[in-house]
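What follows is the residue order along each chain.
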Amino acid sequence: MRFGPNLAGDWEKGAEKEWLLTNGLGDYAGGTIAGTNTRRYHGLLIASPPTGGGRNLFVSKVQEELTVEGKTYYLAANELADGYRQNGNIHLVEFILEPIPTFVYRLEDIYLIKELFMVHGEATTLIRYKLEANRPCSLRIYPLVNDRSHHSVNNSPSWPFDKKIEKTCVHVNSPDGPTVTLEATTGVFQEMYAWFHNMCYPHEKERGEEHLEHHFIPGFWEMEFESGGEFALSASLHGPRVEQYNQLYEKEINRRKEFTARVRTQKPLCRELARAGDKFIVKKNGETGIIAGYPWFDEWGRDTFISLPGLLLVTGMYEEARQVLAKYARYEQNGLMPNFIPDDGGEPQYNTVDASLWYIQAVKSYLDYTGDMSFIKKEIYPILKKIIQSYRVGTDYGIVMDADGLITAGEKGVQLTWMDAKVGEWVVTPRHGKAVEINALWYNALYFMTLLAGCIGDQDARKLYGELALRVQEKFPTTFWCVRHDYLADVVFRGERDERLRPNQIFALSLPYRLLSTRQEKQVLNAVGRHLYTPFGLRTLAPYETDYRPGYFGDRLSRDGAYHQGTAWAWLIGPYVSAYRRVHNYSRPSRKVATRMLSPFFHHLFDFGLASIAEIYDGEHPHTPRGCPYQAWSVAELLRVYVQEVLEKRPKPQWVCETNIQS
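Residues numbered from 1 in each chain as written. Predicted model: local features only at pLDDT ≥ 70, side-chain atom pairs only at ≥ 80, totals over all residues. Heavy atoms only, no water.

Q: Please provide a residue-by-residue account of empty space enclosed by the protein, values included.
A: Scanning the entire structure with this criterion turns up 6 cavities of 30 Å³ or more. If you add up the space inside the largest cavity, you get close to 230 Å³. Along the walls of the largest cavity sit 20 residues, with Glu98, Arg256, Arg275, Asp278 and Lys279 positioned nearest its centre. Mapped by element, the contributors of at least two residues to the lining of the largest cavity are β2 (18-22), α4 (245-260) and α5 (268-278). With 5 residues, α4 is the single largest residue contributor to the lining of the largest cavity. Class assignment for the residues of the lining of the largest cavity results in 10 nonpolar, 2 polar and 8 charged. (1 Å grid on protein atoms, 1.4 Å probe; cavity = no way out; pocket = protein on both sides within 12 Å on 5 of 7 lines; lining within 4 Å. Points joined across faces, edges and corners; volume = space filled by probe spheres on them. Helix = DSSP H or I, 4+ residues; strand = E, 2+ residues; numbered from the N terminus. Nonpolar A, V, L, I, M, F, W, Y, C, P; charged D, E, K, R; others polar.)

Q: Give me the lowdown on the pattern of salt bridges, citing residues and values where you can.
A: Tallying each qualifying case throughout the model produces 51 salt bridges. As a salt-bridge pair, Lys114 and Glu64 come within 2.9 Å of each other at their nearest N and O atoms. Pair noted here: Lys114 is in strand β11 (residues 110-118) and Glu64 is in strand β5 (residues 56-68), with a separation of 50 residues, a long-range link. Across the pair, exposure class does not vary: Lys114 and Glu64 are buried alike. Across the salt bridge formed by Arg256 and Glu98, the nearest N and O atoms sit 3.9 Å from each other. Of this pair, Arg256 sits in helix α4 while Glu98 sits in the loop between β9 (92-96) and β10 (102-107), and the two are 158 residues apart along the sequence. Within this structure, Arg40, Glu204, Arg207, Glu209, Arg556 and Arg559 form a network of salt bridges that share partners. (Salt bridge = Lys/Arg side-chain N within 4 Å of Asp/Glu carboxyl O. Buried < 20%, exposed > 50% of the residue type's maximum accessible area, 1.4 Å probe, protein only.)

Q: Describe the nonpolar core, and please don't skip the residues or the numbers.
A: Counting 158 residues, the largest nonpolar core has Tyr359, Leu384 and Leu452 as its most contacted members. Considering every element that reaches this core, the biggest residue donor is helix α10 (residues 436-456), with 15 residues. With sequence-adjacent residues up to four places away left out, Leu452 is seen in contact with Leu367, Met373, Ile376, Tyr381, Leu384 and Trp655. Ala29, Leu92, Phe231 and Leu237 belong to the second largest nonpolar core, which has 53 residues in total. (Core = buried A, V, L, I, M, F, W, Y, C linked by side-chain atoms within 4.5 Å. Contact = heavy atoms within 4.5 Å.)

Q: How would you explain the sheet that holds strand β36 (residues 568-569) if you had to name every residue and give the values?
A: The antiparallel open sheet is built from 5 strands, whose spatial order is β34-β35-β36-β37-β38. Of all the strands in the sheet, the pair left with one neighbour each is β34 (533-534) and β38 (625-626). As paired strands, strand β35 (residues 537-539) and β36 are joined by 2 bridges and run antiparallel to one another. The residue of β36 that forms the bridge with Arg539 is Ala568. (Pairing = 2+ DSSP bridges.)

Q: Describe the side chain of Glu320, listing the residues and the values that go with them.
A: Topologically, Glu320 is positioned in helix α7 (residues 318-331). The side chain of Glu320 sits in the buried core without any salt bridge; Arg262 is the nearest counter-charge, 4.6 Å away. With sequence-adjacent residues up to four places away left out, Glu320 is seen in contact with Thr288 and Leu312. (Lys, Arg positive; Asp, Glu negative; His and termini not counted.)

Q: Go over the packing of helix α13 (residues 518-531) against helix α15 (residues 573-583) with me, naming the residues and quoting the values.
A: Direction vectors running N to C along α13 and α15 enclose 140 degrees, while the axes themselves pass 10 Å from each other. When the axes of α13 and α15 are compared, the pair comes out oblique. Our pair here, α13 against α15, has a crossing hand that is left-handed. Here Glu521, Lys522, Leu525, Val528 and Gly529 of α13 lie close against α15, whose contacting residues are Tyr576, Ala579, Tyr580, Arg582 and Val583. (Axes fitted to C-alpha atoms, helices over the stretch in contact; angles between N-to-C directions. Parallel < 35°, antiparallel > 145°, perpendicular 65-115°, else oblique. Left-handed = near helix turned anticlockwise from the far one by under 90°.)

Q: Please give an account of the sheet that holds strand β33 (residues 496-498) that cites residues and values.
A: Spatial strand order, β29-β32-β33: 3 strands in an open sheet with antiparallel pairing. Two strands lie at the open edges of the sheet, namely β29 (434-435) and β33, each paired on one side alone. As paired strands, β29 and strand β32 (residues 491-493) are joined by 2 bridges and run antiparallel to one another. In the sheet register, Lys434 faces β32, and the bridge partner there is Val492. Along the sheet face, helix α11 (residues 459-480) touches β29, β32 and β33 and points at about 75 degrees away from the line of β33.

Q: Summarise the environment of Lys130; cite the residues concerned and give the values.
A: Tracing the chain through its elements places Lys130 in strand β12 (residues 124-132). By relative accessible area, Lys130 is classed as partly exposed at 28%. Taking the C-alpha atoms as reference points, Lys130 and Gly228, 98 residues apart in sequence, are found 7.5 Å from one another. Apart from the residues lying within four places of it in its own chain, the contact partners of Lys130 are Tyr111, Leu112, Ile113, Glu115, Gly229 and Glu230.

Q: Which residues make up the packing of aromatic side chains, and what values do they have?
A: Per the stated rule, a full pass over the model turns up 40 aromatic pairs. Measuring from centroid to centroid gives 5.3 Å for Tyr533 and Tyr576, while their planes differ by 20 degrees, and the two rings are stacked. Here Tyr533 is found in strand β34, whereas its partner Tyr576 is found in helix α15, with 43 residues between them in sequence. Through successive ring pairs, a cluster of aromatic residues spans Trp358, Trp418, Phe507, Tyr552, Tyr563, Trp569, Trp571 and Trp633. One cation-aromatic arrangement involves Arg128 over Tyr249; the distance from NZ or CZ to the ring centre is 4.1 Å. Looking at Arg207, its charged tip hangs above the ring of Trp296, at a distance of 4.9 Å from the centre. (Phe/Tyr/Trp six-rings, centres within 6.5 Å; stacked < 30°, edge-to-face > 60°. Lys NZ or Arg CZ within 6 Å of the ring centre and 35° of its normal.)

Q: Quick one: what's the story with the layout of surface pockets, residue by residue and with numbers?
A: Quantified by volume, the largest pocket comes out at close to 920 Å³. As for the largest pocket, its lining consists of 32 residues, of which Trp296, Phe297, Trp300, Asp560 and Tyr563 are closest to the centre. Mapped by element, the contributors of at least two residues to the lining of the largest pocket are α6 (301-313) and α14 (556-562). In terms of residues, the lining of the largest pocket owes the most to one element, α14, which gives 3 residues. Size it by volume and the second largest pocket reaches roughly 750 Å³. Lining the second largest pocket are 28 residues, with Ser365, Ser510, Pro512, Arg640 and Gln644 positioned closest to its centre. The set of elements that each furnish at least two residues to the lining of the second largest pocket consists of α6, α8 (355-370), α12 (507-510), α15 and α17 (632-646). The element best represented in the lining of the second largest pocket is α8, accounting for 7 residues. Along the lines of polarity and charge, the residues of the lining of the second largest pocket split into 15 nonpolar, 5 polar and 8 charged.

Laid out in structure tokens, this is it:
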């Protein structure tokens, strides 16, 4: 993936395309192809301290000045508070994304190539430079250092940083913060005590967030070259690392190749999605986890379980999938799985009704791919029984099975479903009562548990789950079906139906066990396809509804008000494509249509978060990507349906005879 001077060298265009590096711990580095930081989340080293805690920005960027025969070229690209721009990006002639982000600057007849990568498993970013020149020149490089949460900005230019200089190395630390070691393979580090004032982050300004920041400059490296050469810089929380930069580079490239090879296909979209998925898989304390999205999300339970099949199972990472299931089994509380696990070590939050049900679906997918009944029976099955029992008799947040067998949930001021936008005390889409996708998941959980209990030999549980599943199967259509619309209601609360057209009903078609007649499935698919389908996912509300919002932009109140009121979500393309293929009996024409549905995302790989899939898109043309540029379940669901529905490589479960529970 390459971009020339018309994009990389253009401020407006280049600033809209972002790159991202990760290290398998949840740490990251990121910026734009123009070299400017447009978010408070952009930087060269954003990591959790070795002692623990949330992710902090430690190194914002390094800025170069090249002098040739008395003329100095400034390569810094920054926007300041008054709108002034340092436009070093005009010297960019190329940006290359793979195998690592590479900036190519041309200064007269001299080329400066700057390559970036992170060391897997540690908080270290390395920068490799190649100077191609046939005459003497000198280079100065200034590091911009900080120590603050990646969710905030530093607006105090008098923060007392300490530093210690050793030849080409400088150690910088803030009060109570870890030491950041900055080192070069050549040159001399010249001491300064200066600040870069009022760096402006345009994306944050547009979002109504804090957008001005000050960075500490401890000094600069000064280097002299007779005719070019190669050198490197390192920024690390683990001491000096720069001497091994070439070995570390080769190790990272080989690791990426091995990961991509897990998806055994040469299909370009499939391989790109596999590479994209690598960014979200982390290992902390020896256990695998899934980051919901970069740059600002942590580990979210719901996102993890939805992403697990696409990121870990279709890629053959069965041991990692097993670790995820085992880890979350220990987090179970009153039958609930965590909504999210904070990266700062705080207590998990449990305000979710669907995470536990998605967990059961993830367990089924794991069994389908591995047949690992021993692990499920010993470690997971007791947790699954506890989830079912808690939902039957009632648990936190008003989650309980009603007399008709359906799940009702909700309490004032709490958001429980995936449509979880909340501003202050305003829950935008509360969806209290019986939500359609929750009960589709509940039925699938009961059906699966009936089969699993039978396979394990737990006959009393098999009988109970089978009876409950039959009750839900009977009540679901009569409760949710809207005769005047020919589709499913979104929520039923105290007998009143919310009949606004939303995408949540698609799960009644895409989940493994069916609840509707063939005619009803076709009618639901037609309604969703006509009014909610876009090239980049499903709208969260039909355009003709009163509360419909066509775009996601503005301050936090405006954005969250549109989050689930018309905004299109990429991850929903997964269940939609699965439903489409099943309703059309997996015909050859439906496979061709599925391929067409996924093709727009290949082009999207060149926009916004490069080589990845965004979280959301405006509901109306041109469907501008918004929200989180790198979203796990967007990538995972695309990869899953590409493998399962386009390549038709579906698992063939060997763990149980898939018979109807009525027989």
